[in-house]
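Residues per chain are reported as follows:
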Amino acid sequence: MIFSNLKQRIGLIVLPMVVLLGSCASPKEPTQGAVPGVWNDSIRAAYVAQGKKLAMAGFQALNSTLQARLAEGGPEDAVAACNLLAYPITDSVAALHQAAIRRTSLRVRNPHNRPDEAELAQLQAYQQAWERGDTLLAAVLPLGQDSVWVTVPILLQAQCTVCHGVTGTTLTNELTAVIRQQYPQDEATGFSPGDLRGMWSIRLKR
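Per chain, the residues get numbers from 1 upward, laid out in the order the sequence is written. At least 70 in pLDDT is required for a residue's local features to be given in this predicted model, at least 80 for side-chain atom pairs to be given and counted, and no such filter applies to totals for whole chains, interfaces and linings, which use all residues. As a convention, hydrogens and water are excluded, and side-chain values are obtained from all of the structure's heavy atoms.

1. What to know about the overall build of the protein chain
Counted only if it meets this: Helix numbering and strand numbering both begin at the N terminus, where a helix is a DSSP run of H or I of at least 4 residues and a strand a DSSP run of E of at least 2. Burial status follows relative accessibility: with a 1.4 Å probe on protein chains alone, a residue under 20% of its type maximum counts as buried, one over 50% as exposed, and anything between as partly exposed. Between two residues, a contact is recorded if the distance between any of their heavy atoms is within 4.5 Å. Values of accessible area rely on a 1.4 Å probe in the Shrake-Rupley scheme; residue burial ignores everything except the protein chains shown.
Across its full length, the protein chain carries five helices and five strands. Going from N to C terminus, the protein chain has its helices and strands arranged as α-β-α-β-α-β-β-α-α-β. With 206 residues in all, the protein chain has 47% of them scored as buried. Within the protein chain, residue pairs in contact and separated by at least 24 positions form 77% of the contacts whose partners lie at least 6 positions apart. Accessible surface, the protein chain as shown: approximately 9,700 Å² in total, 54% of it carbon and sulfur.

This is how it looks when you write it as structure tokens:
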């Protein structure tokens, strides 16, 4: 899953209070911890900037690998590489920056990327905003005393329709069959450029 130019479509908002993630080891455990100290616009902006930086690092690492596989072995090789390497690549970026990073969507290809309750609420908010034609904004929420949650929406780029587009047009029937072999529960086709593909879900240390 690849996102488009963040500078054009992504700004800053504060997540609704119903959208909460835990501050413990797993970002999938919701909690409502008290947030000490001052939480002002400059602090929010700093965390959003950091979250965007990590999202861009993750995108660049994934995109460079997929583009290389596309050039060497075509879309089928890129799908196989994504299946094998997406998690290790994302994990390496997370380890480098000492953060928890993952991608999720309302329509996932890999079932391990399904959103938790908090991520689902934020994805639905993004989807509603996208359907209204609103500019999609990066979002930030403090988590307890030691971490924050940043989400960055992912908008589909034109080149990504090769693997996520409409079968029979931008996505070939042959590649659709390969995707179904690799991901029997795939839901991530039928997209057009600029569609909301999902979001980066990032937990940062405070």
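2. Structural notes on the packing of helix H2 (residues 41-97) against helix H5 (residues 173-182)
Helices that pack against each other are described as a pair by the angle of their axes relative to one another and the distance between those axes. Note the threshold: Axis definition: a line fit to C-alpha positions, over the contact stretch in the case of helices; interaxial angles, taken between N-to-C directions, run 0 to 180 degrees. Any angle that is under 35 degrees is reported as roughly parallel, and any over 145 degrees as roughly antiparallel; angles of 65 to 115 degrees are reported as roughly perpendicular and all others as oblique. Here a crossing is taken to be left-handed if its near helix is turned anticlockwise relative to the far helix by less than a right angle, and right-handed if that turn runs clockwise. Three classes are used, and their members are as follows: Ala, Val, Leu, Ile, Met, Phe, Trp, Tyr, Cys and Pro are nonpolar, Asp, Glu, Lys and Arg are charged, and the others, Gly among them, are polar.
Put simply, H2 and H5 touch, their axes get as near as 10 Å, and they point 20° apart. Between H2 and H5, the crossing angle belongs to the class labelled roughly parallel. Handedness of the crossing formed by H2 with H5: right-handed. For the pair H2 and H5, the contacting residues are Pro-75, Glu-76, Val-79, Ala-80 and Asn-83 in the first and Leu-175, Val-178, Ile-179 and Gln-182 in the second. Looking at the contact of H2 with H5 residue by residue, the class counts come to six nonpolar, two polar and one charged.

3. Quick word on the pairing of strand S2 (residues 100-104)
We apply this condition: Two strands pair if DSSP finds at least two bridges between them.
The buried fraction of S2 amounts to five of the five residues, a majority that puts the element mostly inside the structure. Burial along S2 is two-sided: the residues Ala-100, Arg-102 and Thr-104 and Ile-101 and Arg-103 are all buried. Sheet topology places S2 next to strand S5 (residues 196-205); five bridges connect them, and they run antiparallel. Across the sheet, Arg-102 pairs through a bridge with Ser-201, a residue of S5.

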